[in-house]
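Letter by letter, the chains look like this.
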Amino acid sequence: MTDNRHVKVLILGAGPAGLSAALYAARAELAPVVLTGMQLGGQAALTHTIENYPGFPEGVGGAQLGELFQKQAEHFGARVEFDMAHEVDFSHRPYKVTADSGEYFAESIIITTGASPVHLNVPGEVELTGRGVSYCATCDGWFFKDKKVVVVGGGDSAFEEGLFITRYASSVTLIHRRDEYRAGAILQKRAKEHPKMNFIMNTVITEAVGSDKLTALKLKNVVTGEESSFETDGLFIFIGHTPNTQMFQGKLEMSDLGYIKVNDKMETNIPGVYAAGEAADPHFRQVVTSAGMGAAAAIQATRYLESQEAESVHG
Ligand code: NAP
């Protein structure tokens, strides 16, 4: 029944959810195919060190963890394709997925397309991206050796990535729009004790300034209304994520924020189509929870395919 293009389980996305789903589906002898999309390893691969994935007491590099996930899934028979899906047809089985390399047909699909960073949407942000403005400390931190850097956001990502950038930058100033942070207590404590970290609260960035590279930010204090300019070489934006689910608009049930709706078995509203990880999870968004969701989706897909097979045998 299966060939290169007609598979039992097609997994869209190769982050922790997708590669865990691949491991479980491979061990169920379903020969899953994973389309990687843009980023093998997902967002986790862009994280320098992951300290809260069990089994790695000293922490593990994000890219390294992604490679280990991939290797383990491939060891049991998963096929990882560097291919990008851009259209789906769930109107009848086998479901059709159109990717850069052509069409795939699948008896079941696990969507693990993850999430992307939210933009600040201020003047200068787009023009200066890659010229001082960044969304990835692991990718770009090195370019800011002995430079002044601003991080915007008040969650775990802003604190964690801000601390990471202190390895390179001469100073890291964290700017947050409120007077309270969302970040966990341990990260906040570590950051507040770090000699290179500074904090500005109740303040928003209204413009990124610079012609060929970022030189300053325009700031506004939301309590006093006072406006000011802040000289900086870098701006790292960590203000949350939005799910990569545009492809499924109108094809699957989603929340108002674009997260795919799943039940406790990772089932979407289409039989045989599952979603896991950040595409379906607005709450936890951890490597371990995404991996768990991916495993659950694959177990459920396995049961679904077994039931379909039994149905066809018994007429
Ligand atoms: P987040 O928790 O949603 O925090 C986003 C932060 O950005 C908030 O402080 C928010 O401010 C601020 N913000 C949002 N829109 C903004 C705007 N337009 N202008 C200025 N500030 C804005 O996102 P996250 O930090 O990326 O974390 C996402 C999830 O991943 C969380 O569940 C987090 O726990 C998890 N995570 C965990 C770890 C870890 O465990 N080590 C590391 C990274 C991420 P308000 O507070 O005012 O809303």
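The structure presented is a predicted model; accordingly, all values stated were derived computationally and were not measured.

Scoring rules and cut-offs
- Residue indices begin from 1 for each chain and proceed along its sequence in written order.
- Reporting in this predicted model follows two pLDDT cut-offs: at least 70 for local features of residues, and 80 or more for side-chain atom pairs to be given and counted; totals over whole chains, interfaces and linings ignore these cut-offs and use all residues.
- Note that the side-chain values use all heavy atoms of the structure and ignore hydrogens as well as water.
- For every domain, the bounds stem from an assignment made automatically or drawn from a database.
- The contact rule is simple, with two residues in contact once any of their heavy atoms fall within 4.5 Å.
- Buried area: the accessible area, evaluated with a 1.4 Å probe, that two parts lose upon being put together, summed over both parts.
- Salt bridge, as used here: a side-chain nitrogen of Lys or Arg that lies within 4 Å of a carboxyl oxygen of Asp or Glu.
- Under this definition, polar contacts are N or O atom pairs within 3.5 Å; protein pairs additionally need one hydrogen-donor-capable and one acceptor-capable atom, and for neighbouring residues in sequence, both atoms have to be side-chain atoms.
- A pair of strands is labelled paired if DSSP reports no fewer than 2 bridges between them.
- Going along the chain from the N terminus, every DSSP run of H or I of four or more residues is numbered as a helix, and every run of E of two or more is numbered as a strand.
- Fitted lines through C-alpha atoms serve as axes, helices being fitted only where they are in contact, and the angles separating the N-to-C directions of these axes extend from 0 to 180 degrees.

Time to look at the domain arrangement of the chain. Here the chain is partitioned into domain 1 (3–116 + 241–314) and domain 2 (119–237). Taking only C-alpha atoms into account, the centre of domain 1 sits 33 Å from that of domain 2. Every contact between the two is made by five residues of domain 1 and, on the other side, nine residues of domain 2. Buried surface at the junction of domain 1 and domain 2, both sides included, amounts to about 510 Å², of which 50% is carbon and sulfur. Scanning the region where domain 1 abuts domain 2 turns up one salt bridge. In this structure, Arg190 engages Glu51 in a salt bridge whose closest nitrogen and oxygen atoms are separated by 3.5 Å. Inspection of the domain 1/domain 2 interface yields zero residue pairs in polar contact (both at pLDDT 80 or more).

Within the open sheet, the three strands sit side by side as β14-β15-β16. Their pairing is antiparallel. The sheet terminates laterally at β14 (203–209) and β16 (227–231), the two strands that pair on one side only. Looking at each pair of strands side by side, their axes are set apart by 30° on average, direction ignored. Relative to strand β15 (residues 216–221), β14 is paired through six bridges, and the arrangement is antiparallel. What sits directly across from Val204, in β15, is Lys220.

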